[in-house]
Protein chains: 2
Amino acid sequence: MPDIQSMAHAIRFLALDSILNAREGHQGVPLGMAEIASTLYANHLKADPADPLWPDRDRVVLSNGHGSTLLYALLHLSGYEHVTLEALKSFRKLGSVTAGHPEIEQHAGIEITTGLLGQGIACAVGMAVAEERLAAQFGRDLVDHRTWAFVGDGCLQEGVGQEAISLAGHLQLGKLTFLWDDNHITDDGDTILSISEDVPARFRAAGWHVQELDGHDIPAIDAALSAARDDPRPSLLACRTTIARGIPRLEGQRGGHSAPLTEADSAEARAALNWPHGSFEIPDAVYRDWHDCMAKGKGARKHWQARLDAHPDAQEFQRWTSGSLPDGWEQTAAAQSHAGAVGPDALPTITASGDVCDQLAKALPELFVLCADLEAPTNHKRSRTAFTRQDRNGSYMHCGVREHLMGAMVDGIAAHGGLRPINVTYLAFADYERPAMRMAALMGLPGLFVFSHDSIGVGSNGPTHQPVEILASFRAMPNMRVFRPADAVETAEAWQIAIETSDGPSMLALSRQPAERVRDGADENLTRKGAYVLHEPKNGRDLTLLATGTEVGLATRASAHLAEIGLKAAVVSMPCWELFEAQTEEYRAQVLGTAPRIGIEAAMSFGWERWLRPDDRFIGMQGFGASATADVLYAHFGITVENVISMAREIV
Amino acid sequence: MPDIQSMAHAIRFLALDSILNAREGHQGVPLGMAEIASTLYANHLKADPADPLWPDRDRVVLSNGHGSTLLYALLHLSGYEHVTLEALKSFRKLGSVTAGHPEIEQHAGIEITTGLLGQGIACAVGMAVAEERLAAQFGRDLVDHRTWAFVGDGCLQEGVGQEAISLAGHLQLGKLTFLWDDNHITDDGDTILSISEDVPARFRAAGWHVQELDGHDIPAIDAALSAARDDPRPSLLACRTTIARGIPRLEGQRGGHSAPLTEADSAEARAALNWPHGSFEIPDAVYRDWHDCMAKGKGARKHWQARLDAHPDAQEFQRWTSGSLPDGWEQTAAAQSHAGAVGPDALPTITASGDVCDQLAKALPELFVLCADLEAPTNHKRSRTAFTRQDRNGSYMHCGVREHLMGAMVDGIAAHGGLRPINVTYLAFADYERPAMRMAALMGLPGLFVFSHDSIGVGSNGPTHQPVEILASFRAMPNMRVFRPADAVETAEAWQIAIETSDGPSMLALSRQPAERVRDGADENLTRKGAYVLHEPKNGRDLTLLATGTEVGLATRASAHLAEIGLKAAVVSMPCWELFEAQTEEYRAQVLGTAPRIGIEAAMSFGWERWLRPDDRFIGMQGFGASATADVLYAHFGITVENVISMAREIV
């Protein structure tokens, strides 16, 4: 039998030593959750540290990410080769795998980036959904793992955490378990300063299986973990713990959270817990216990591999889990692009996006669409059934009015692997899920965020629902591709690029109102260039109209009118600035030209100076929108052909 | 006795007629909540429509803002003069007070803008807090009103709504009542698609008083409202309703939410409910009942006015509620600016901000500081006590780890009037509360959002906690003033401007790490200019260094080094771009100069093209940060004096 208490102390002292060595960090979590973590790993976790990417491994999420040394100690002790003692000694140093908060590095066993509270448990819900969906597709022989999340008080105060509780209960994600570090302390002090709710009752109200226990009582933890595994509901282990347990000066105190540690703390802790070993020194017997415990996972992986080798769907399973695209899939996308090129003269780009999503349902069955209670106006469900409590085979999820959770689930599903998550809602609500989108960009996860109702074109729902600054706010974000397609053709092209992109998220800003068709043919995916000349006048340019989205149609009409009065206006469509910036300087110069320019976008001008010189002009929004129909608003705010023409006359 | 049922039908048909006339809108809420609303107004609401700005009026929030015609019908029937029948006939038309979603217009009785779900109830918590705080200050003779919020299913799914429930229960805001339209329908259809939690149990777990009732049973509603008023806890009325009640084709159906109405619907509803009156036609008797019911409020206001006239604190009360600043307050701010000018050579600007906040505690007792579990690292509590369940006199609130709620409470407190809310957390968490900050900008409310940890200067907490794109994302937002002060002097100046600004929010991006002092004197508030020349070389410029925040100190040092090698570099501090843009073109040209420029900011360059021409340079971030100490990161990312010098040599 392994000595789980000593295994726990090994976590405790590696964390303490790492923090003392780095001169900063958060000891509260690792010292308070050491018994919970060691019991989980010793007797319940399914993982093979020698194969950290094994698709059927249990997922572990440290939602209270400031307690990162808990995870690093666990990964070291359980044998993940990237997390050496040297790595622990490099805690919080540049380039180390042991960053201040866990940064996704699945080869090292770090499943997902955490640190902003609440995100982790929301991502964990996404992982648990991915597991169920994949199991429904490939069977329990290949997919049968659990998601465990370490959870702090802050995660449960955050709204996104509350959304996670609610939806996980609704979906009865029975293989999801939260391990709550109920230590009564947050950064400000006693939790009573800011919360007095009955947390277990809140979970029960959402349909969870709840157990309350002493988080330092190893047999109790062990029994609760077993019960959690046996129960069909998602489980909360409400573990009453002592923060920073083991450091006499700090345990149970506010300072237990992250007060700077001293050598004296270390000595006193070692004395108090009878741990006579030096800094970063772990007895061989303890290492051996850890090693022996992980052997179960190694065996499980071997059996799994044998099942996979014999499985009729092995190849498809491997395709899904490796994230590779099937041969010929792009013909579907290209076909849709062609369809857009011969389809109706004007189609809302959100409808065009729904058409692409439909077409890809067969070619890419790994797509998984999430939508926040806007099925009808966003139109991405048509060819899909819902993923529900009863039916895990659906590829569409009714997320409810929980945008932040939805975005974080995209991250969790993408980090889990095997599915390609697509998020659908209105662009105004992108602000609600922005923190999750930022995490996708930071982690380099291939989420696709589809947004409708991208401008004042929303109409009389008014300024709350009319994005004017949201395009710019995401163009400012590293590693986020912002697409605003002009028509059905560019929409299909943007989808193709987003699906091909595996190292970061993409977002589509799409129109509610019909977008005029501006492209005739679609043999080449011109959206890949980010911007391109849609119309080049013969015999040189007098000016260049730069536009995105629905304003490309407007620019095209303006160009025709200008031709009638003898002004030669090129039209440049700019569906994705990030891709245009990646082109050669020569290409960019050729597209932009040297003639005077007018930028046209139904949004604030912030950022447009990248393409407009001081003497160029911009037609767009000067502030928030208003409540009226789209045509009235376009006229009211001067985003009109007439305005383009009069401005063109001024500057040429 | 008023005929409350007919009063309800008047709401119902005015809403129906408005929507039919506008050809769009959401009938589900007004038709489903007509009895709840009419009972509230008839027997419980304290309001005098003739004095919509009466400070002691009850506040009404339509959190399910898509049901705006409920509010407009209520305001019309109860006698708010701006909401005429003509206004109802102009529903959703440009410039009308009856916008698609309620847009704040307190003269017309519209207390706050709503529409993005969950925000309204979170703002309502802020209003209830403001009431308690003001009552503690001025006594119940002057401040004794309630906050009523109409709430839909979506509001309760949103995380921010869940945060609101939790904190309102914790604080035992007994004068806050939520009227939940429990109609089992959201946009996608039956709520069972996305939620199955026991909502009343969830509220009870948070310490609320919960009553479950039939939302069309007027005596039951009346009794429940009385019980809610009598109970010391915040109250939920869980009102089981039928969506779109009264329209036979739609009631209880998914289409009840917002399916387009027809003339036949109108005729059938009139027949079904025995309402033989024409479109927009309300019988005199019903108008009279409405008028008589509102008379109580008129009387209450007169008595209140008499109490105010006799009150020793009347003048101060009026100063607070009118939002005017006391004479001489700016001397405190200026003194703090002087203190900054002679204080330590380097001070984190978040500490300098705490100093200002301290100094203002006496001069501006109406300041109310909210902080999301970061008291120690943000340092804005020192001279304040906490506002708690037991003590409503405090001017500091421990909001817990609930940033989105905190931001929405700022909106609610500012909309309520009487207090000046200050929000404090880390800049990385601004994304969590961005939707609420956008609402402050849209509404033109004077919230002050103070953020620490504004860059890679955060250090080894790593990229999750290091803003790189957040400055740009808010610079893109209309009506938001983004300050990034260079030192303690500019911090005090920014505070002064923010406090003086009454028509919109301001945000301060402040440093965790010490910021070098760059200003010697502070007789003039130079931050008012947005940007100014901090150092002008004698005999002309070879180049201009433009910088913000902590990088101004770096630019200043670089300028000194450049002088040693014979390069004359001006240093321009740019604490607030929005204010700089408001200066004359001449001033801007003079500040920016014609020499080559280098922009320096530890953030992404997006937006900097506004100040940098194609041949100018930028030193900042190219992507997300990393985990290491601040000095290591500044060196790693090349934001150094050395880099400025070598770049200056290249471009001059």
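Residues numbered from 1 in each chain as written. Chains lettered and ligands numbered in written order. Predicted model: local features only at pLDDT ≥ 70, side-chain atom pairs only at ≥ 80, totals over all residues. Heavy atoms only, no water.

A. A look at the relation of the copies chain B and chain A. Expressed as a screw transformation, the operator carrying chain B onto chain A has a rotation angle of 180° and an axial translation of 0.0 Å, and the superposed copies differ by an RMSD of 0.0 Å. Overall, the copies show the geometry of a two-fold rotation axis. Most of the interface of chain B is mirrored in chain A, where 100% of its interface residues again form contacts. (Least-squares fit on C-alpha atoms with pLDDT ≥ 70 in both. Contact = heavy atoms within 4.5 Å.)

B. Geometry of the confidence of the model for chain A. Averaged over chain A, the pLDDT score is 97; the fraction of residues at 70 or greater is 100%. Overall fold confidence (pTM) sits at 0.98, and the ipTM for the predicted complex is 0.98. (pLDDT = per-residue confidence, 0-100.)

C. Representation of the packing of helix α6 (residues 119-138) of chain A against helix α17 (residues 403-416) of chain A within the structure. Residues and elements named next belong to chain A. Close contact between α6 and α17 brings their axes to 7 Å; oriented N to C, the two are set at 55°. Here α6 lies oblique to α17, going by the angle between them. Classified by chirality, the crossing of α17 by α6 is right-handed. Mapping the contact onto sequence places Gln119, Ala122, Cys123, Val125, Gly126, Met127, Val129, Ala130, Glu131 and Leu134 in α6 and His404, Leu405, Ala408, Met409, Asp411, Gly412, Ile413, Ala415 and His416 in α17. Here the contact of α6 with α17 is built from residues that sort into twelve nonpolar, five polar and two charged. (Axes fitted to C-alpha atoms, helices over the stretch in contact; angles between N-to-C directions. Helix = DSSP H or I, 4+ residues; strand = E, 2+ residues; numbered from the N terminus. Parallel < 35°, antiparallel > 145°, perpendicular 65-115°, else oblique. Left-handed = near helix turned anticlockwise from the far one by under 90°. Nonpolar A, V, L, I, M, F, W, Y, C, P; charged D, E, K, R; others polar.)

D. Focus on the sheet that holds strand β1 (residues 59-62) of chain A. Residues and elements named next belong to chain A. With parallel pairing, five strands are arranged side by side in an open sheet as β1-β2-β3-β7-β6. Only two strands of the sheet have a single partner each, and these edge strands are β1 and β6 (209-214). For this sheet, the mean inter-axis angle between neighbouring strands, taken without regard to orientation, is 15°. Pairing between strand β3 (residues 176-182) and strand β7 (residues 235-240): six bridges, direction parallel. Directly across from phenylalanine 178, in β7, lies its bridge partner leucine 236. Running over the sheet, helix α3 (residues 34-43) touches β1, β2 (147-151), β3 and β7 and is turned about 170° from β2. (Pairing = 2+ DSSP bridges.)

E. Summary view of the packing of aromatic side chains. Residues and elements named next belong to chain B. Here the structure, examined in full by the defined rule, presents 39 aromatic pairs over all chains. For the pair phenylalanine 138 and phenylalanine 317, a centre-to-centre distance of 5.2 Å together with 85° between the ring planes defines the contact as edge-to-face. Pair noted here: phenylalanine 138 is in helix α6 (residues 119-138) and phenylalanine 317 is in helix α13 (residues 314-322), with a separation of 179 residues, a long-range link. Of the two residues examined, phenylalanine 138 and phenylalanine 317, each falls in the buried class. (Phe/Tyr/Trp six-rings, centres within 6.5 Å; stacked < 30°, edge-to-face > 60°. Buried < 20%, exposed > 50% of the residue type's maximum accessible area, 1.4 Å probe, protein only.)

F. Quick peek at helix α18 (residues 430-443) of chain A. Residue and element names in this part refer to chain A. With 14 residues, α18 should reach 20 Å at 1.5 Å per residue; the first-to-last C-alpha distance of 18 Å fits that figure. Its maximal kink placed at alanine 436, α18 deviates by approximately 35°. Burial within α18 is extensive, with 14 of its 14 residues counted as buried. Just downstream of α18 lies glycine 444, where phi reads positive at about 70°. (Expected span 1.5 Å × (residues − 1). Bend = angle between axes of the 7 residues up to and from the residue.)

G. Fine view of the layout of surface pockets. By volume, the second largest pocket amounts to about 1000 Å³. Lining the second largest pocket are 49 residues; nearest its centre among them are Tyr426 of chain A together with His26, Asp187, His257 and Ser258 of chain B. At the level of secondary structure, the elements contributing two or more residues to the lining of the second largest pocket comprise α15 (349-363) and α16 (375-378) of chain A together with α1 (4-22), α2 (28-32), α7 (153-157) and β4 (185-186) of chain B. Class assignment for the residues of the lining of the second largest pocket results in 18 nonpolar, 20 polar and eleven charged. (1 Å grid on protein atoms, 1.4 Å probe; cavity = no way out; pocket = protein on both sides within 12 Å on 5 of 7 lines; lining within 4 Å. Points joined across faces, edges and corners; volume = space filled by probe spheres on them.)

H. Quick look at the UniProt feature "binding site: Mg(2+)" (unreviewed entry) in chain A. All names here are of chain A. Here, the residues flagged by UniProt with the feature "binding site: Mg(2+)" (unreviewed entry) are Asp153, Asn183 and Ile185. Spanning 33 residues, the annotated positions come together in the fold, the maximum distance between their C-alpha atoms being 7.9 Å. Its location among the elements puts asparagine 183 in the loop between β3 and β4 (185-186). On the accessibility criterion, asparagine 183 (8% relative accessible area) is buried. (UniProt positions renumbered as here; feature names shortened; annotations may be inferred.)

I. Inspection of the interface of chain B and chain A at higher detail. Across the contact, 92 residues belong to chain B and 92 residues belong to chain A. Among the residues of chain B in contact with chain A, Tyr432, Arg438 and Phe606 of chain B are the three that bury the most area, contributing 10% of the side total. Between chain B and chain A we count ten salt bridges in total. With its nearest N and O atoms 3.3 Å apart, the salt bridge here joins glutamate 197 of chain B to arginine 202 of chain A. Linking chain B with chain A are 70 residue pairs in polar contact (both at pLDDT 80 or more). Elements represented by at least two residues in the side of chain B that touches chain A include exactly α7, α8 (159-171), α9 (199-205), α16 (375-378), α17 (403-416), α18 (430-443), α19 (470-475) and α24 (630-636) of chain B. A per-element tally of the side of chain B that touches chain A places α18 of chain B first, with eight residues. (Buried area = accessible area lost by both parts, 1.4 Å probe. Salt bridge = Lys/Arg side-chain N within 4 Å of Asp/Glu carboxyl O. Polar contact = N/O pair within 3.5 Å; in protein donor to acceptor, adjacent residues only side chain to side chain.)

J. Spatial organisation of the nonpolar core. Counting residues in each nonpolar core, the largest one holds 115 residues, and the members touching the most others are Phe178, Trp208 and Met397 of chain A together with Leu545 and Ile600 of chain B. Among the elements that make up this core, the one with the highest residue count is α6 of chain A (twelve residues). Setting aside anything within four residues of it in sequence, one finds leucine 545 of chain B in contact with Ala555, Ala558, Ser559, Leu562, Ala569, Ala570, Val571, Val572, Ile598, Ile600 and Val644 of chain B. Judged by nonpolar contacts, the second largest core, of 114 residues, contains Ile598 of chain A together with Ile112, Leu156 and Phe368 of chain B. (Core = buried A, V, L, I, M, F, W, Y, C linked by side-chain atoms within 4.5 Å.)

K. Seen up close, the sheet that holds strand β9 (residues 367-371) of chain A. Residue and element names in this part refer to chain A. Strand order in the open sheet formed by six strands is β10-β9-β11-β12-β14-β13, with parallel pairing between adjacent strands. If you trace the sheet from one side to the other, it starts and ends with β10 (396-398) and β13 (481-483), each paired once. Put simply, the sheet's adjacent strands are angled 20° from each other on average, direction ignored. Bridge analysis of β13 against strand β14 (residues 506-509) gives three bridges, and the strand direction is parallel.

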